[in-house]
Amino acid sequence: MAGLHRFANPGTFVRISAKVLPWLAGLTAILIGVGLYQALLVAPPEAYQGNVARIMYLHVPSAWNAMMIYGAMAVASATWLIWKHPVADVAAQASAPIGAMFTLTALLTGSLWGKPTWGTFWVWDARITSVTIMLFIYFGYIALRAAIEDGERSAKAGAILALVGSVNLPIIHYSVVWWNTLHQPASVLRAGGPAIVASMLVPLLLLACGFTTYYLTLLIWRMQREIVGRRVRSLRVLQAQG
Amino acid sequence: MDAISDYLAMGGFAAYVWPAYVITVGAMVGMIVVTLRDLRRDRKALAELEAQNPMRNARRAARATQTTGIAGPEGDDRIDP
Amino acid sequence: MTRKRQRMIYVVAGMVALGFATGLVLFSLGDNLVFFYSPTDVLQKGAPANRTFRIGGLVEMGSVEHVAADQVRFVVTDTANTMKVSYQGVLPSLFREGQGVVAEGRVDAAGVFVAQQVLAKHDETYMPPEVVDALKKSGEWRGN
């Protein structure tokens, strides 16, 4: 327990994160740089879809990370509710806009991929509908945190919303199994191994990992900003009181 | 030249592939730019506030953020005036 | 420690209740969340009258017939049952025999599904053209 409490201290977080940050940022640049090069220049065109399948290298990592970030936000929210670690609340709040951005890019790239292949920009199949619901939960979370000024109440309301919304995560994942959808079943995480050749799997995994380290890098920056911002606000309040 | 324009045409799917890459990379870069701009602005504001009353403010702020992590009115009751 | 324990129990109990409630809602919604019906579903439950719905399955091999400029007829199969489909319009680029397809429309008096929209469905395998050629050569290929 004592070990965990060390990280609950914003000062400790700021010190440790400053050391990790340059490594994470460098790793992100390498992973995404090599990943984009592989995706656009090395990977072969898909047999039936041709070059339009290159959208997959952005669509799938965006969608995976949007869900992973939601999971991280839910865990951080539960941690805050139970142990009241202030850093956990800062992490949840700082994650939401990044997750919302990846949800949005997953939907937009999916739409651009769907038009030439399926024949439509948008359908209300179970996968697209459940991901759209996740986008609105992200938006709702961001709006809720902004609307409640009292820090403790804002954190509590946000944490409860994040936990309630997490029931959507298994629905998104299993939507292609439980219901008939226009989406294909999982290609990578499936029994019997990935149904995708190595030359296409490599850029996909590089970009998926690159998006995750991008999230961690940006998360540290956003958490630092949130901690500094909260300190600024508290000082202004103290100053106003004389 | 032909090889390059062939490549950019993406087998006739240029209108779908390139916007997808521009939107995704643009959003990711844009979010970093906005975050770093805000971080710099808030750090400057904090430095200015602490310079106005260095000892007392720094101690108070550190305690306020450490006990609740939340810089709100409820944190203030715990600090002696 | 007891207060933390208490909060942990609240959070866990809340999540269990929520999961249970969601499961019940999904279970009761059942078929309403289905994006399309298979030919077997339509045969067993009957086609909804006066309402458009979607059928999905594979385009049966050798069934595609271009009857006019942009008028096409094909058969959708789920390997157990089949349904005749007629469609006027532009087909998506992934439409081909042996591949998945979802059509929206209604059944006419002759029992033919008249589609207003045809969407192609991709499967989960991603391969470069050379691999498809190699698979066809070695006789391992099960597509078209």
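Everything below is about the structure shown above.
To keep things clear, this report deals only with the structure shown in the data block. (Residues numbered from 1 in each chain as written. Chains lettered and ligands numbered in written order. Predicted model: local features only at pLDDT ≥ 70, side-chain atom pairs only at ≥ 80, totals over all residues. Heavy atoms only, no water.)

1. Examining the overall build of chain C
Convention followed: Under the scheme used here, helices are H or I runs from DSSP no shorter than 4 residues and strands are E runs no shorter than 2 residues, and both carry numbers assigned from the N terminus. Should any heavy atoms of two residues lie within 4.5 Å, those residues are considered in contact.
Along the backbone of chain C there are three helices and six strands. In chain C, the order of α-helices and β-strands from amino to carboxyl end is α-α-β-β-β-β-β-β-α. Taking the contacts inside chain C whose residues are at least 6 apart along the sequence as the reference set, 48% of them involve residues at least 24 apart.

2. Comments concerning the pattern of salt bridges
Definition in use: Throughout this description, the term salt bridge denotes a Lys or Arg side-chain nitrogen within 4 Å of a carboxyl oxygen of Asp or Glu.
One pass over the structure, following the stated rule, counts eleven salt bridges over all chains. Across the salt bridge formed by Asp42 of chain B and Arg41 of chain B, the nearest N and O atoms sit 3.5 Å from each other.

3. Some words on the packing of helix H3 (residues 56-83) of chain A against helix H7 (residues 168-178) of chain A
Residues and elements named next belong to chain A. Operational definition: Every axis corresponds to a line fitted to the C-alpha atoms, with the helix fit spanning only the stretch in contact, and the corresponding angles, defined between N-to-C directions, vary from 0 to 180 degrees. Angular relationships are summarised with four words: roughly parallel below 35 degrees, roughly antiparallel beyond 145, roughly perpendicular across 65 to 115, and oblique for the angles in between. Here is the rule for handedness: rotate from the far helix to the near one, and if that takes an anticlockwise turn smaller than a right angle the crossing is left-handed, while a clockwise turn gives right-handed. We call Asp, Glu, Lys and Arg charged. Ala, Val, Leu, Ile, Met, Phe, Trp, Tyr, Cys and Pro are nonpolar, and the rest, Gly among them, are polar.
Packing of H3 against H7 brings their axes to within 10 Å, and their N-to-C directions diverge by 155°. By the angle between their directions, the pair H3 and H7 is classed as roughly antiparallel. Pair H3 / H7 crosses with left-handed handedness. In contact with Met67, Tyr70 and Gly71 of H3, H7 contributes Leu169, Ile172 and His173. By residue class, the composition of the contact of H3 with H7 is four nonpolar, two polar and no charged.

4. Some remarks on the nonpolar core
Note the cut-off: The set of buried Ala, Val, Leu, Ile, Met, Phe, Trp, Tyr and Cys residues whose side-chain atoms join them within 4.5 Å is what this entry labels a nonpolar core. Only protein chains enter the accessibility calculation, which uses a 1.4 Å probe; a residue is then buried when its area is under 20% of its type maximum, exposed when over 50%, and partly exposed in between.
Core analysis: the largest hydrophobic core is formed by 88 residues, its most contacted members being Tyr57, Tyr70, Ile98, Phe102 and Tyr214 of chain A. For Tyr214 of chain A, the residues in contact, after removing those within four places along its chain, are Thr28, Ile32, Ile98, Met101 and Phe102 of chain A together with Ala27, Met28, Met31 and Ile32 of chain B. Ranked by size, the runner-up nonpolar core spans 16 residues in total, among them Val85, Phe95, Val101 and Phe113 of chain C.

5. Some details on a nonpolar patch on the surface
Formally: Each patch is assembled from residues with relative accessible area greater than 30% and no salt bridge, linking like charges that lie within 9 Å and nonpolar side chains (Val, Leu, Ile, Met, Phe, Trp, Tyr) that lie within 5 Å. Using a 1.4 Å probe, the Shrake-Rupley method yields the accessible areas, and only the shown protein chains count as cover for residues.
Taken together, the side chains of Leu104, Leu108, Phe136, Phe139 and Ile142 of chain A together with Ile23 of chain B make up a nonpolar region of the molecular surface, amounting to roughly 490 Å² of accessible area. Counting residues per element, the ones that place at least two in the nonpolar patch are helix H4 (86-117) and helix H5 (126-147) of chain A. With three residues, the top contributor of residues to the nonpolar patch is H5 of chain A. Turning to its location among the elements, Phe139 of chain A is positioned in helix H5.

6. Some points on the environment of Ser154 of chain A
Relative to the helices and strands, Ser154 of chain A is located in helix H6 (residues 151-165). Ser154 of chain A sits 13 residues away from Tyr141 of chain A along the chain, and the two C-alpha atoms are 9.9 Å apart.

7. Examining unusual backbone geometry
The backbone phi angle of Lys84 of chain A is positive, close to 60°, even though this residue is not glycine. By the element assignment, Lys84 of chain A lies in the loop between H3 and H4.

8. A few points about the environment of Ala120 of chain C
Along the chain, Ala120 of chain C turns up in strand S6 (residues 113-121). For Ala120 of chain C and Val102 of chain C, which are 18 residues apart along the polypeptide, the C-alpha to C-alpha distance reads 6.2 Å. Every residue in contact with Ala120 of chain C, bar those within four places of it in the chain, is listed here: Thr117, Trp118 and Leu182 of chain A together with Pro92, Leu94, Phe95 and Gly100 of chain C.

9. Describing the interface of chain C and chain A
Our working rule: The buried area of a pairing is the accessible area, by a 1.4 Å probe, that goes missing from both parts when the two are put together, added over both. Here a polar contact is recorded for every N or O atom pair within 3.5 Å, except that within protein the pair must consist of a potential hydrogen donor and a potential acceptor, and residues adjacent in sequence are included only if both atoms are side-chain atoms.
Facing 37 residues of chain C, the contacting portion of chain A comprises 42 residues. Together, the buried faces of chain C and chain A total about 3,500 Å²; carbon and sulfur atoms form 65% of this surface. Of all residues in chain C, the largest losses of buried area upon contact with chain A belong to Phe35, Glu124 and Tyr126 of chain C, amounting jointly to 23% of the total for that side. Our count for the chain C to chain A interface comes out at zero salt bridges. The tally of links from chain C across to chain A stands at twelve residue pairs in polar contact (both at pLDDT 80 or more). Counting residues per element, the ones that place at least two in the side of chain C that touches chain A are helix H1 (2-29), S6 and helix H3 (129-138) of chain C. Element by element, the count of residues in the side of chain C that touches chain A is highest for H1 of chain C, at nine residues.

10. Description of the packing of aromatic side chains
Basically, it comes down to this: For Phe, Tyr and Trp, rings pair up if their centres lie within 6.5 Å, where Trp contributes its six-membered ring, and each pair is then called stacked (planes under 30 degrees apart), edge-to-face (over 60) or tilted (otherwise). Geometrically, a lysine NZ or arginine CZ counts as sitting over a ring once it is within 6 Å of the ring centre and also within 35 degrees of the ring normal.
Across all of its chains, the model carries 14 aromatic pairs over all chains by this definition. With a centroid separation of 5.9 Å and 75° between ring planes, the pair formed by Phe102 of chain A and Tyr214 of chain A is classed as edge-to-face. Taken as a pair, Phe102 of chain A in helix H4 and Tyr214 of chain A in helix H8 (residues 198-240) lie far apart in primary sequence, 112 residues in all. On the accessibility criterion, Tyr214 of chain A (4% relative accessible area) is buried. Ring geometry for Tyr7 of chain B and Trp18 of chain B: centres 6.0 Å apart, planes at 70°, overall edge-to-face. Residue Tyr7 of chain B is found in helix H1 (residues 2-9), and its partner Trp18 of chain B is found in helix H2 (residues 14-52); the two are separated by eleven residues along the sequence. A relative accessible area of 28% means that Tyr7 of chain B is categorised as partly exposed. The class of Trp18 of chain B is partly exposed, set by a relative accessible area of 22%. Pairwise contacts between aromatic rings join Phe102, Phe211 and Tyr214 of chain A into one cluster. Against the face of Trp80 of chain A rests Lys84 of chain A, its NZ or CZ located 4.2 Å from the ring centre.

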